[in-house]
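Coordinates in review
What follows is the residue order along each chain.
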Amino acid sequence: FGVLEMPGSGADLLPPHLLRSLGQKEYDKRKGAALEIEQAIKDLRDAGQHERVREVVLYVVRDLAGSPHPNVRKGALHALAGVAIGLREDLPQFLPEILPPVLASFCDPDCRVRYYACESLYNIAKVARSHCVAHFNDIFEALFKLSADTDLGVQNGFQLLDRLMKDIVAESDNFDISAFMPLLRRRIFVANSYTRQFLIGWIAILDSVPDIEMLQHLPGFFDGLFHMLSDLNKEIRQQAYAVLYDFLQEIKAAPNMAYEPIVAILVQHCASRDRFSRLTALTWLHAFLSLGKAQLLPFSPAVLEAVLRSISHGEDEIRDAAAQTDRALRALVHSSTEADFDMQAILATLVQHMRAEAVRTRVTAFQWIAMLLRQRPAALLRHAEALWPALLDSLGDEAEEVVFLDIEVVARLAAQTEYFATALGKVMGRFADSPSLLEARAPLILRELTVLLEPRRVYVELASLVVSSTDLPFCALMVQTLNGILHSSPALRELRESLRAAMSDEKERGSKADAPSAAAAAEGAELFKQLYAAWCHAPVALLSLCLLAEAHEHASELISRFAAVEGGEMGSVEFLLQLDRLVQLIEAPVFARLRLQLLQPESHPALVAVLYGLLMLLPQSGAFQTLQQRLSLVPQLGLLRLHIGFRDKEAGGRGRQQQKAAIDFGELQGTFERVQQRYREHRRALQEQQRLSLLDDDRTLG
């Protein structure tokens, strides 16, 4: 093989036949040569000739280990193992020279060379034992590369070597975990399943060593280890989960734990497409909420984000885990003080998910806001403006559960004294901007608001907003909606009773035990006046309000003026439809008292006049037939007595009672005329605008 025997080169210690044997193809010849070298090294060691030993090592490394011939490289590996065995306890001082060529052979293109490199390092490590720990990073790096080797023989050798190294590290008292961690962090994100199995095995063995504190270094490799849960190989997933489970048990037993870096990683994995990874991440977060308690509050926005991402997942198990984590987080926030968590960050997360595609996610977001309003109203109100765009958009949500929760949140905001007018104003503004929402959802929204809030205050504020609005078509629709709720909602029964009390006078209060008090009458009159100004935008609704308040004489006056007020639109389809709805309303339970009053027409002449006037306005339709049949039941004797003037003598005069009520109907009539004048001007302006538009079109065509 062209070896020159140069004094001091190490070759003079290796006879030519020995060098030839090291390069032979046959394993037995190479092994025999290695045994001879082992004996020669023993003799040199016993003689204390360590420098001569070093010369032999350097010669094998320089001239044999780098040979282009695979068999020579194999022989070099046998020789280095023999040197190590021959040196025995003196081996540690030679490891810096012996290990590099052996480790380099792990990347040799010849699979047999790689196999013998495993065998060589195995023999070296058996002799060196704990002294190998000083070179662990280099050895680990070589093993890392070899773990993905596809050759079966190399894998067998690698497994034996890997087990030996684990035993050595487990026995060692001087393993430097801090020096090893940077290497583990660099390699933990590998994708190869075999290499992942290698890393998992090493993490598990290091964690099992009592003197090695792997838990404090967990954030460094936790993310990579978690990624292994999504490996295609089921065995790898199970091994990774087992190691993670052990770490979780250690965390539960640890007196102190830095949660922040791990929580950030868990939140990321809660968005994983892999089912197992996401489920495990949620399980960890739930455990952390129980363990860390107040320490987890600064991370509540991130945990909430993770929960909301999974609360509507297609897998039942993941949804249940997310719901469980959600309950734990709510309980933690409930037991905390305002200063413990970032309200603004939590609300930012909730606003994002209030528009989520999944209904359950939106529902959960609204439940959170409602909870925060119950527990931290002052803190939330400081950031309430950020909520309104999503709150108003959600009023038109296709899911009724979301809409009801949205209304609850709006009601809780409005329940704060300083925010009442603002909240209702924003809702009204959205109705004005969205006619479809006003038509489809306003009855439900307003009805629920009157249930959740004080009805009188709601109606007075909404009436005030209508009066101040300049959008006349919107005002008319809004009043019609409010009027329908006023006459039908059970929650507004006291409001209706208050309106009925508006027309009572001192004589009636003195003659009837169940008559309203003077204070109730004053409150009813004030409410009637507050609503009247808004109800002027819808004449038919105003008529029903007067009938509800039993202001029959004024209602009669309104009937007589409808033709003039409505102008050319009195016979319009919309106006007739409103009259039709009014007739149906008169047949409803809310007007049972009115219908009973028809049994005494001489006592309620104005009421009879109103209904007959209404009948004359109706065309021959179903509503006409209904009202006509109702009026046909009025006692004829009563009508006769009314006709011949017995009313003032026997009935006590309801008209005089109305005159004594604390309401200036003349002033109200003026308000009605002014509002209707605005509508007439609005119609003329629209007609003029249409005329000009047609003229422009004609000029364009011409």
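Residues numbered from 1 in each chain as written. Predicted model: local features only at pLDDT ≥ 70, side-chain atom pairs only at ≥ 80, totals over all residues. Heavy atoms only, no water.

What to know about the overall build of the chain
The secondary structure content of the chain amounts to 39 helices and zero strands. Expected size for 702 residues packed as a compact globule is a radius of gyration near 27 Å; at 46 Å, the chain overshoots this value by more than 25%. Along the first, second and third principal axes, the C-alpha atoms of the chain reach 150 × 75 × 35 Å. When burial is assessed residue by residue, the chain has 51% of its 702 residues classed as buried. Looking at the chain alone, contacts between residues at least 24 apart form 72% of all its contacts between residues at least 6 apart. With the model as given, the accessible surface of the chain reaches about 31800 Å², and the carbon-plus-sulfur share is 52%. (Helix = DSSP H or I, 4+ residues; strand = E, 2+ residues; numbered from the N terminus. Rg over C-alpha atoms; globule rule 2.2 N^0.38 Å. Buried < 20%, exposed > 50% of the residue type's maximum accessible area, 1.4 Å probe, protein only. Contact = heavy atoms within 4.5 Å. Areas by Shrake-Rupley, 256 points an atom, 1.4 Å probe, with all protein chains shown as cover.)

Let's talk about the confidence of the model for the chain
The share of residues in the chain with pLDDT of 70 or more is 90%, and the mean pLDDT across the chain is 88. Low confidence marks residues 646-660, where pLDDT is under 50. Its contacts with residues over four positions away, or in another chain, come to 30 contacts. (pLDDT = per-residue confidence, 0-100.)

A short note on the pattern of salt bridges
Overall, the coordinates contain 29 salt bridges when judged by the stated rule. Across the pair Glu385 and Lys426 runs a salt bridge whose closest N-O atoms are separated by 3.4 Å. Of this pair, Glu385 sits in the loop between helix 19 (377-381) and helix 20 (388-394) while Lys426 sits in helix 22 (residues 420-433), and the two are 41 residues apart along the sequence. Glu673 serves as the salt-bridge partner of Arg561, at 2.4 Å between the closest nitrogen and oxygen. One end of the pair, Arg561, is in helix 31 (residues 552-566); the other, Glu673, is in helix 39 (residues 665-701), with 112 residues separating them in the sequence. (Salt bridge = Lys/Arg side-chain N within 4 Å of Asp/Glu carboxyl O.)

What about empty space enclosed by the protein?
Tallied over the full model, the rule gives two cavities of 30 Å³ or more. Its boundaries defined by the atoms lining it, the largest cavity holds a volume of some 50 Å³. Considering the residues around the largest cavity, the lining is formed by Arg500, Leu547, Leu548, Glu550, His552, Val590, Phe591, Arg593, Leu594 and Gln597. Elements with a contribution of two residues or more to the lining of the largest cavity: helix 30 (539-548) and helix 33 (592-597). (1 Å grid on protein atoms, 1.4 Å probe; cavity = no way out; pocket = protein on both sides within 12 Å on 5 of 7 lines; lining within 4 Å. Points joined across faces, edges and corners; volume = space filled by probe spheres on them.)

Re unusual backbone geometry
The phi dihedral of Arg88 falls on the positive side, at around 55°, and the residue is not glycine. Structurally, Arg88 can be placed in the loop between helix 4 (70-87) and helix 5 (95-104). You can call Arg88 partly exposed: its relative accessible area is 43%. Phi is positive for Arg129, close to 50°, though the residue is something other than glycine. In this fold, Arg129 is placed in the loop between helix 6 (111-128) and helix 7 (136-146).

Digging into helix 8 (residues 152-171)
In this model, helix 8 (20 residues) spans 29 Å end to end at C-alpha, consistent with the 28 Å of a helix rising 1.5 Å per residue. Among all positions in helix 8, only Val154, Gln155, Gly157, Phe158, Leu161, Asp162, Leu164, Met165, Lys166, Ile168 and Val169 are buried. In this structure, the buried side of helix 8 is in contact with helix 6, helix 7 and helix 10 (193-208). A side-chain oxygen of the first residue of helix 8 lies 3.0 Å from the backbone nitrogen of Gly153; this N-cap is Asp151. (Expected span 1.5 Å × (residues − 1). Polar contact = N/O pair within 3.5 Å; in protein donor to acceptor, adjacent residues only side chain to side chain.)

Quick look at the packing of aromatic side chains
Inspection of every chain in the model, using the stated rule, returns 21 aromatic pairs. In this structure, Arg30 packs its charged tip against the face of Tyr116, placed 5.3 Å from the ring centre. Here the guanidinium or amino end of Arg457 rests over the ring plane of Phe420, the centre of that ring lying 3.8 Å away. (Phe/Tyr/Trp six-rings, centres within 6.5 Å; stacked < 30°, edge-to-face > 60°. Lys NZ or Arg CZ within 6 Å of the ring centre and 35° of its normal.)

What about the packing of helix 13 (residues 260-269) against helix 15 (residues 300-310)?
Relative orientation of the contacting elements helix 13 and helix 15 amounts to 20°, with a least axis distance of 9 Å. It follows that helix 13 is roughly parallel to helix 15 by the angle criterion. You can see that helix 13 and helix 15 cross each other, and the crossing is left-handed. Contacts between helix 13 and helix 15 involve Val263, Val267 and Gln268 from the former and Ala302, Val303, Ala306 and Arg309 from the latter. Class assignment of the residues belonging to the contact of helix 13 with helix 15 gives a composition of five nonpolar, one polar and one charged. (Axes fitted to C-alpha atoms, helices over the stretch in contact; angles between N-to-C directions. Parallel < 35°, antiparallel > 145°, perpendicular 65-115°, else oblique. Left-handed = near helix turned anticlockwise from the far one by under 90°. Nonpolar A, V, L, I, M, F, W, Y, C, P; charged D, E, K, R; others polar.)

Remarks on the side chain of His217
Positionally, His217 belongs in the loop between helix 10 and helix 11 (218-227). Looking at His217, its side chain comes within polar contact range of the side chain of Gln216, at 3.3 Å. When residues no more than four places from it in sequence are discounted, the contact partners of His217 are Ile177, Ser178 and Met181.

Side note on the nonpolar core
Formed by 242 residues in total, the largest nonpolar core has its most connected members in Phe528 and Trp535. Sequence-distant contacts of Trp535, that is, excluding residues within four places in its chain, are made with Tyr459, Val479, Leu482, Asn483, Leu486, Ala541, Leu542 and Leu545. (Core = buried A, V, L, I, M, F, W, Y, C linked by side-chain atoms within 4.5 Å.)

As for helix 34 (residues 605-617)
Owing to its 3.6 residues per turn, the α-helix aligns residues three or four sequence positions apart on the same side. The terminal C-alpha atoms of helix 34, which comprises 13 residues, lie 19 Å apart, in line with the 18 Å expected from a rise of 1.5 Å per residue. Within helix 34 the residues assigned to the buried category are Pro605, Ala606, Leu607, Val608, Val610, Leu611, Gly613, Leu614 and Leu615.

Comments concerning the state of the cysteines
If you walk through the whole model with that rule in mind, you get zero disulfides. Residue Cys132 stays outside any disulfide, its sulfur separated by 14 Å from that of Cys118, the closest cysteine. Here Cys546 stays unpaired: no disulfide links it, and the sulfur of Cys536, its closest cysteine neighbor, is 8.7 Å away. (Disulfide = S-S within 2.5 Å.)

Some remarks on the environment of Phe189
Among the secondary structure elements, Phe189 is positioned in the loop between helix 9 (177-187) and helix 10. Exposure remark for Phe189: the relative accessible area of 47% places this residue in the partly exposed category. The contacts of Phe189, once residues within four sequence positions are left out, are Asp223, Gly224 and His227.

Quick look at the side chain of Asp326
Here Asp326 lies in helix 16 (residues 316-334). You can call Asp326 buried: its relative accessible area is 5%. Apart from the residues within four sequence positions on either side, Asp326 is in contact with Val307, Thr364 and Trp368.

Quick notes on the packing of helix 12 (residues 234-253) against helix 14 (residues 275-292)
Following both chains from N to C, one finds helix 12 and helix 14 inclined at 5°, their axes separated by 11 Å at the closest point. The orientation of helix 12 with respect to helix 14, classified from their angle, is roughly parallel. Facing Arg237, Tyr241, Leu244, Phe247, Leu248, Ile251 and Lys252 of helix 12, the residues of helix 14 in contact are Phe276, Thr280, Trp284, Ala287, Phe288 and Leu291.

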